[in-house]
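Summary of the model geometry
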Amino acid sequence: MPFSAHDLRYHAEQSYPLLYAYLHRNAQRFLGSLKYDAFEVDTVIGHVVEQLVRLGLLGGGDHTPHAALDQLSDAQFYAFLNRSVRNKAIDRLRKRRLQVNTAAELEMADDDDSDNSPLNDAVESLWGATPFSTPEEITLHVTSQNELRSVLKHCIMVLSAAPNQLQAVMKELHEIGADELFEDIADELQLSLAGDPNPHISQHKDHAHKKLRHCLQQQSSHLTVMVALRITLYTKHSADKKDYSVEMSSLTQTDLSISDVEQGLHGLVTEGLLSWDGEEIVHLTAAQMKRLARFYKED
Amino acid sequence: MSDDTVTGGDAPMHGDYTKLAQWLQSVLLPSDQDEPAILTQKNDTQLELVLTDDYHQPFYQQLPDFALAMLSGDPLATIHYTPLLYHLVACRPCHAAYLDFYDSLRYALHNQDYRQQFIQGTRTLSGTPHRMLAHLCQSLISQAEALLRQAHHDHSDNDEAARSLLQMALQVSSHITQNSLRRQALQDLVRVATLFDGPTSPRTEESNVYSYSPVMASAGVLRRGGRGGQHADDVLRAQRMQSAIIHLQARNLEGFIVQQDDMLELHLQHLDAALHEKQVVISVLLGSLLEPIRWFGGNPDAIRSTQAVDEQGTLVMPIGTTDLRLSNPEERNLLEALFLILEVRTAN
């Protein structure tokens, strides 16, 4: 009797013995020379079990939303588990400093399944590299994409509530030659780096970095920027041509909920970029529109 | 909407953002994160949870969706998951988990006809290695803790999800026969269960409150029944009798819980003189986690004794009824877990 992702989600107690048996078999298969080391086998199984619990799948019921693993066919789900076991087994083999060639190790395994063939590694190379395989790759991506860089811009702007911290970050931007970003923010906030150097700049810099770390990972920052970008794209002149307006439905598009848009709008109100009090149609003055467009509009 | 077409990997980059990227990385990556903690096991003899302090529930649970969006070539993937992308720079364990999920999902998508192997082995929890049941319990309890802490942080409510995980941990633990392993499986249960009302300071024992916990019946205690030439039948009977009782201990005081038909009866002995001739209130801290016990008074946090403690410091009081049986080993384990903390205090 096989089990599925659905079984693990809704019938965890009944499915766990089968999950264990499946993982155990594969862990032994991929652990090669460590296959009889009970601790290593347990470690590999425990890793996958913990992953499934942490994802909200194993025992998650309806308390966690259905996600990628729920969309897989049963065959794909088994393949996913199999690969997770293999990856952890290789980690353990490496950790034990065995001079193991992964392919050779797999070749030696006592199962003749096709997925156990070293040819898989050759096929794997055809799939291409993993995107965002290093933090460097991610930071290069987020800084070179306008929408993602706008979040960084937004978070630096938020520092304006603490002028010394803002100044410390602006000084850094100036020093590394991030001229475009520096000028955008300096223009918007009418800042200048002229003046005596702040003796506590290092301390201010540390505090600023901490705030930036927090702000950049916040969904609210992301929504504020998304909504700002959409306002610049979808806002039209109102009937009397005196100001601008945009309907909420234009801001949601297909991927944001009304509450997401409301959260974004509240963010812009907090920053003083907008006057909005829950109306279905968002109105902007010409000055507000100009300011938003200057700062957030696509390059 | 983009000023370049990068979707990660080996796509070409336009413009020189390298220095800004390097600076951003230095901002996001705290200096103490030199080694990926997720890949290191602290203890190489005992199976431990890997993700504890490094588990960031809202981000971690997005990882497979993000990986799948990337694998599906969704051009808006990085825009939809912007906070996650920034988080992946700041958190090495989550980044390592992303790489793992991406690889496994890619393999799964390229193996639509993956041949499912025949699964041999046990179909029951009791037949599954109990150390792995203990690990599952610890995972479930730790996850419940993460949900409760996240809910507190977000001012949201995850109580039902956390309660469900703790209930499952209790049910699974009841299949672990070895007392010490069962104790280990549930070692964080009381601490996590107290988080339902928000994080509190560590529990301290108040001087006027007697806090009882179950005493594990050791093999030695059971074997003692066999001394003096008794027959094996007598030993087995003694073991059965022992197992149908939950022994409790608080400091130097002892007590026990027995069952009369459906009724659970609490026996306390040698209570302090300050409690003599007074009524007491019993609080079963985990009593609301499972429903099978119908507590007298309806509230397991405040079960009031109908009689006063006698002059010898003895109190016998019914505390509730249940269909579970202390004579059934698994049901006994479940009941014992519910009584991990039983507090006795003077009724006002």
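Keep in mind that this is a model prediction, so the values were computed, not measured.

1. Brief notes about the sheet that holds strand β2 (residues 246–250) of chain B
Residues and elements named next belong to chain B. The nine strands lie next to each other as β6-β8-β4-β3-β2-β1-β9-β5-β7, forming an open sheet whose pairing is antiparallel. Single-partner strands in this sheet number two, and they are β6 (293–295) and β7 (303–304). For strand β1 (residues 210–214) and β2, the ladder comprises two bridges, and the chain directions are antiparallel. Looking at the pairing, Pro214 lines up with Leu248 of β2.

2. Here we look at the environment of Arg106 of chain B
Mapped onto the elements, Arg106 of chain B comes out in helix α6 (residues 92–109). Sequence separation between Arg106 of chain B and Glu311 of chain B is 205 residues; the distance between their C-alpha atoms is 73 Å.

3. Quick word on the sheet that holds strand β1 (residues 236–237) of chain A
Pairing is antiparallel in the open sheet, where three strands are placed in the order β1-β2-β3 (chain A). The outermost strands of the open sheet, each flanked by one partner alone, are β1 and β3 (281–284) of chain A.

4. What about the confidence of the model for chain A?
Across chain A, the average pLDDT comes to 87, with 88% of residues at or above 70. Under a pLDDT of 50 for its full length, residues 116–123 of chain A has, in the predicted model, nine contacts with residues more than four places off or in other chains.

5. Here we look at the packing of helix α9 (residues 146–158) of chain A against helix α11 (residues 179–189) of chain A
For any two helices packed against each other, one specifies the crossing angle of their axes together with the interaxial distance. Residue and element names in this part refer to chain A. Remark: α9 packs on α11, axes separated minimally by 11 Å, with the N-to-C direction vectors making an angle of 45°. Classified by the angle their axes make, α9 and α11 are oblique. Handedness of the α9/α11 crossing: right-handed. Between α9 and α11, the contacting residues are Lys153, Ile156 and Met157 on the first element and Leu181, Asp184, Ile185 and Glu188 on the second. Of the residues belonging to the contact of α9 with α11, the class tally is four nonpolar, no polar and three charged.

6. Remarks on the interface of chain A and chain B
At the interface, 81 residues of chain A touch 90 residues of chain B. Among the residues forming the side of chain A that touches chain B, the class breakdown is 37 nonpolar, 27 polar and 17 charged.

7. Quick look at the pairing of strand β2 (residues 244–247) of chain A
Residue and element names in this part refer to chain A. Only one face of β2 is covered, namely the one carrying Tyr244 and Val246; the face carrying Ser245 and Glu247 has none of its residues buried. The pairing of β1 with β2 spans two bridges and is classified as antiparallel. Of the residues in β2, the one forming a bridge with Lys236 is Ser245. Connecting the antiparallel pair β1 and β2 is a turn made up of six residues, with Lys241 showing a positive phi of about 65°. Alignment of β2 against β3, held across four bridges, turns out to be antiparallel. Paired with Tyr244 across the bridge in β3 is Leu284.

8. Here's the deal with the pairing of strand β3 (residues 253–260) of chain B
Residue and element names in this part refer to chain B. As judged from the five bridges shared by β2 and β3, these two strands associate in the antiparallel manner. Across the sheet, the residue bridging to Gln249 is Glu254, located in β3. Hairpin geometry of β2 and β3 is characterised by an intervening segment of two residues between the two adjacent antiparallel strands and by a positive phi of about 50° at Arg251. Between β3 and strand β4 (residues 263–268), which pair antiparallel in sequence order, lie two residues; one of them, Asp261, sits at a positive phi of approximately 55°.

9. Some words on helix α16 (residues 286–296) of chain A
At 3.6 residues per turn, the α-helix brings residues three or four places apart onto the same side. Residue and element names in this part refer to chain A. Those residues of α16 that fall on the buried side of the exposure criterion are Leu292, Phe295 and Tyr296. Projected onto a plane normal to the axis of α16, the buried residues spread over an arc of 75° and lie on a single side. Residues of α16 that are exposed and point over 90 degrees away from its buried face: Ala286, Ala287, Lys290 and Arg294.

Conventions we followed
Residues numbered from 1 in each chain as written. Chains lettered and ligands numbered in written order. Predicted model: local features only at pLDDT ≥ 70, side-chain atom pairs only at ≥ 80, totals over all residues. Pairing = 2+ DSSP bridges. Helix = DSSP H or I, 4+ residues; strand = E, 2+ residues; numbered from the N terminus. pLDDT = per-residue confidence, 0-100. Contact = placed C-beta atoms within 7 Å. Axes fitted to C-alpha atoms, helices over the stretch in contact; angles between N-to-C directions. Parallel < 35°, antiparallel > 145°, perpendicular 65-115°, else oblique. Left-handed = near helix turned anticlockwise from the far one by under 90°. Nonpolar A, V, L, I, M, F, W, Y, C, P; charged D, E, K, R; others polar. Buried ≥ 20, exposed ≤ 12 C-beta atoms within 10 Å, placed from the backbone. Arc of directions from axis to C-beta.

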